[in-house]
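The chain contents come next:
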Amino acid sequence: MDSIAVALEPYKDTVGLTAAIVTVVQFFSGVLALNEIRRQGNTKGFSVLPFLGCTVFCLLNIQFGQMLRDDGMIRVNFIGLALNLLYVCGFYLYTDGPQKTAVWGQIGLAGAFTVGVLSYVQYEDPKLVEFRFGVILTGLLWTLVGMPLLGLGDILKNKSTEGLPFPIIFLGAVVSFCWLLYGIILRSNFLVVQNLMALALSAVQLSLFIIYPSGAAKPPPSPAKKRN
């Protein structure tokens, strides 16, 4: 990895800026989901978990950026944090009354998890905290990227990728690739491992679009009746 890092070192600022731009573009992809929610007038068929997960991930990444002393990472995740907080608020606004309690419960769990992790970071041994914090972020990132695969059974059963958000998955692959390069330049094993696995998960999801069409599979036509 060192030889690649040395070769890419002169392009550090360019790679970092590119990673930041495509990440911000990906953050705005949540507008597509919110617009669909607005059009149907409720949150049926949608979950607040992707928005909450991204909110937590961005907040924790701000802390990780401070550890790495990387201002670019901090700025990008501040933008992501602000946008995803707006998405959570928009989701709650369109949630039906009886479901609002469940959303509040999920928000509470996400908040408790975030506070717990940030508190742990403040009191852990500085020699250990970067590694262990990186493990937590890696697990969270893989969960977020792999979340669309929870419907893999239905995709295989229906032989259709209808319902998978292609633009979001494609942008996620581009983002993972850019941060992978940036992680190599920074010689950050966690950024490399995080985004290498995230890129692999995105590749699996993108391959489904090649195997199966986006529309629902149509049943074969019934054979014509024989004429008397």
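Residues numbered from 1 in each chain as written. Predicted model: local features only at pLDDT ≥ 70, side-chain atom pairs only at ≥ 80, totals over all residues. Heavy atoms only, no water.

**A look at the overall build of the protein chain**
When helices and strands are counted, the protein chain shows 10 helices and zero strands. C-alpha extents for the protein chain along the principal axes are approximately 85 × 50 × 25 Å. Looking at the protein chain as a whole, 40% of its 228 residues qualify as buried. For the protein chain, contacts bridging at least 24 residues in sequence account for 79% of all contacts bridging at least 6. Of the roughly 13500 Å² of accessible surface on the protein chain, a fraction of 66% belongs to carbon and sulfur atoms. (Helix = DSSP H or I, 4+ residues; strand = E, 2+ residues; numbered from the N terminus. Buried < 20%, exposed > 50% of the residue type's maximum accessible area, 1.4 Å probe, protein only. Contact = heavy atoms within 4.5 Å. Areas by Shrake-Rupley, 256 points an atom, 1.4 Å probe, with all protein chains shown as cover.)

**Thoughts on the environment of asparagine 158**
When you line up the elements, asparagine 158 lands in helix 8 (residues 152-158). By relative accessible area, which is 43% here, asparagine 158 ends up partly exposed. Once the C-alpha coordinates of asparagine 158 and glycine 30 are considered, the two residues, 128 residues apart in sequence, prove to be 26 Å apart.

**Description of the packing of aromatic side chains**
In the structure shown here, the tally under the stated rule is five aromatic pairs. With centroids separated by 5.4 Å and ring planes inclined at 45°, the aromatic side chains of phenylalanine 51 and tyrosine 87 adopt a geometry described as tilted. With phenylalanine 51 in helix 4 (residues 49-68) and tyrosine 87 in helix 5 (residues 71-94), the pair connects residues that are 36 residues apart, well separated along the chain. A residue is classified by how much of its surface remains accessible, and phenylalanine 51, at 9% relative accessible area, is buried. Relative to phenylalanine 91, the ring of phenylalanine 51 has its centre 6.4 Å away and its plane inclined at 75°; by these criteria the two rings are edge-to-face. Residue phenylalanine 51 is located in helix 4, and its partner phenylalanine 91 is located in helix 5; the two are separated by 40 residues in the primary sequence. Comparing phenylalanine 51 with phenylalanine 91 shows no difference in burial state: the two are buried. (Phe/Tyr/Trp six-rings, centres within 6.5 Å; stacked < 30°, edge-to-face > 60°.)

**Looking at the UniProt feature "transmembrane region" (unreviewed entry) in the protein chain**
Cross-referencing UniProt, the feature "transmembrane region" (unreviewed entry) maps to residues 15-34, 46-64, 76-94, 101-121, 133-152, 164-185 and 191-212 in the present numbering. Structurally, residues 15-34 comprises 90% helix and 0% strand, and the distance from its first C-alpha atom to its last is 30 Å. The annotated region residues 133-152 carries 75% helix and 0% strand content, and the separation between its end C-alpha atoms amounts to 30 Å. (UniProt positions renumbered as here; feature names shortened; annotations may be inferred.)

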